[in-house]
Amino acid sequence: MAVSIHPHWKNILEHIFESKYFKALIDFVKSAYATSSCFPPGKMIFNALDLCPPEKIKVVILGQDPYHGPGQADGLCFSVPDGISHPPSLINIFKEMEKDIGIPYPISGDLSPWAKQGVLLLNATLTVQAHQAGSHQGKGWEKFTDQIIQILSERYENIVFLLWGGYAKQKLKLIDGRRHCVLTSGHPSPLSANRGYWFGNGHFSKVNNYLKEKEKEPIDWAL
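The notes below deal with the structure included here. All of these numbers come straight from a predicted model, not from anything done at the bench.

## A word on the layout of surface pockets
Here the largest pocket is characterised by a volume of approximately 480 Å³. Lining the largest pocket are 30 residues; nearest its centre among them are Gln64, Asp65, Tyr67, Asn123 and His187. In terms of residue count, the dominant contributor to the lining of the largest pocket is helix 7 (residues 166–169) (three residues). Each residue belonging to the lining of the largest pocket can be placed in one class, and the counts come to 16 nonpolar, twelve polar and two charged.

Here it is as structure tokens:
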């Protein structure tokens, strides 16, 4: 299975790639992709890390699971390729962005322009079987992505971590809040958003205000 990952991440994660648990995880993923339909495409499993070298990261958005419908998952949390209908959570993300900073609702749901500016769009689990949400949870991906969060927290400073929903908020314990900015809110899914836990969080403007305070280039959220 050919995968692509930024060489700077390869250097930092080399000890993890050689670990027993990670080798077992990769064996599972190879077998799953060989015997069933899985997402994202194999070459895009590490897309979030490939587009976003560690030293360039300004913002981390944490998701849970890749989309499990055909053509949806592109290796970036909440993102879908050009031409794919926007899933409900992404619709609410764009609505909040429009309300918060006045950027018109985008046509494309491809969030790779964010990733290329230093927004790490990281799912806790990086693969999934078609039409079976959560099917690759508990196989080792969560340990791997937790280690990534810890590495970013310990080695870098002034990253904004966006924790949306109960699952993402569990990662608070991995982040040094003295070195970084942590913003939390409800999840953008309709169930949470329609209860008033998402809309009005102002995270897009808060991210850029923090980055400006730290003399970093703000994110251009327009797509």
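## Some thoughts on the pairing of strand 2 (residues 59–63)
Counting buried residues along strand 2, five of its five residues qualify, which places the element largely inside the surrounding structure. Burial along strand 2 is two-sided: Val59, Ile61 and Gly63 facing one way and Val60 and Leu62 facing the other are all buried. Across five bridges, the pairing between strand 2 and strand 3 (residues 119–123) is parallel. Opposite glycine 63, over in strand 3, you have asparagine 123 as the bridge partner. Taken together, the three bridges between strand 2 and strand 5 (residues 160–164) define a ladder with parallel strand orientation. Bridge pairing links isoleucine 61 to leucine 162 in strand 5.

## Here's the deal with the side chain of aspartate 146
Along the chain, aspartate 146 falls in helix 6 (residues 141–155). Beyond its immediate chain neighbours, meaning those up to four positions away, aspartate 146 contacts Lys171 and Leu174.

## Quick word on the pattern of salt bridges
Applying the stated criterion across every chain, the model contains four salt bridges. With its nearest N and O atoms 3.9 Å apart, the salt bridge here joins glutamate 157 to arginine 179. Here glutamate 157 is found in the loop between helix 6 and strand 5, whereas its partner arginine 179 is found in the loop between helix 7 and strand 6 (181–185), with 22 residues between them in sequence. Judged by relative accessible area, glutamate 157 falls into the partly exposed class, the value being 47%. With relative accessibility at 25%, the residue arginine 179 sits in the partly exposed group.

## Considerations on empty space enclosed by the protein
A full pass over the atoms with the stated rule returns one cavity of 30 Å³ or more. A volume near 50 Å³ is recorded for the largest cavity. Along the walls of the largest cavity sit Leu62, Gly63, Leu122, Asn123, Ala124, Thr145, Ile149, Tyr167, Ala168 and Lys171, which together make up its complete lining. Of all elements in the fold, only strand 2, strand 3, helix 6 and helix 7 reach the threshold of two or more residues within the lining of the largest cavity.

Analysis parameters
In this convention, every chain numbers its residues from 1, walking through the sequence in written order. A pLDDT threshold of at least 70 governs which residues receive local features in this predicted model, and a stricter bar of 80 or more applies before side-chain atom pairs are shown or counted, although totals over entire chains, interfaces and linings include all residues. To get the side-chain values, all heavy atoms of the structure are used, and hydrogens and water are removed first. Site definitions follow a grid-based scheme: protein atoms alone, a 1 Å grid, a 1.4 Å probe that fits but cannot get out for cavities, and for pockets an open set with protein on both sides within 12 Å along at least five of seven lines, plus lining residues having an atom within 4 Å of a point. Grid points are joined across faces, edges and corners, and a volume is the space filled by probe spheres set on the points. Counting from the N terminus, the helices are DSSP H or I runs at least four residues long and the strands are E runs at least two residues long. Lys, Arg, Asp and Glu make up the charged group, whereas Ala, Val, Leu, Ile, Met, Phe, Trp, Tyr, Cys and Pro make up the nonpolar group; the residues left over, Gly among them, are polar. Relative accessibility under 20% of the residue-type maximum defines a buried residue, over 50% an exposed one, and the middle range a partly exposed one, all with a 1.4 Å probe and only protein chains included. Pairing between two strands is assigned when DSSP locates at least 2 bridges connecting them. Note on contacts: a residue pair qualifies if any of its non-hydrogen atoms lie within 4.5 Å across the two residues. Salt bridges are defined as contacts in which a side-chain nitrogen from Lys or Arg sits within 4 Å of a carboxyl oxygen from Asp or Glu.

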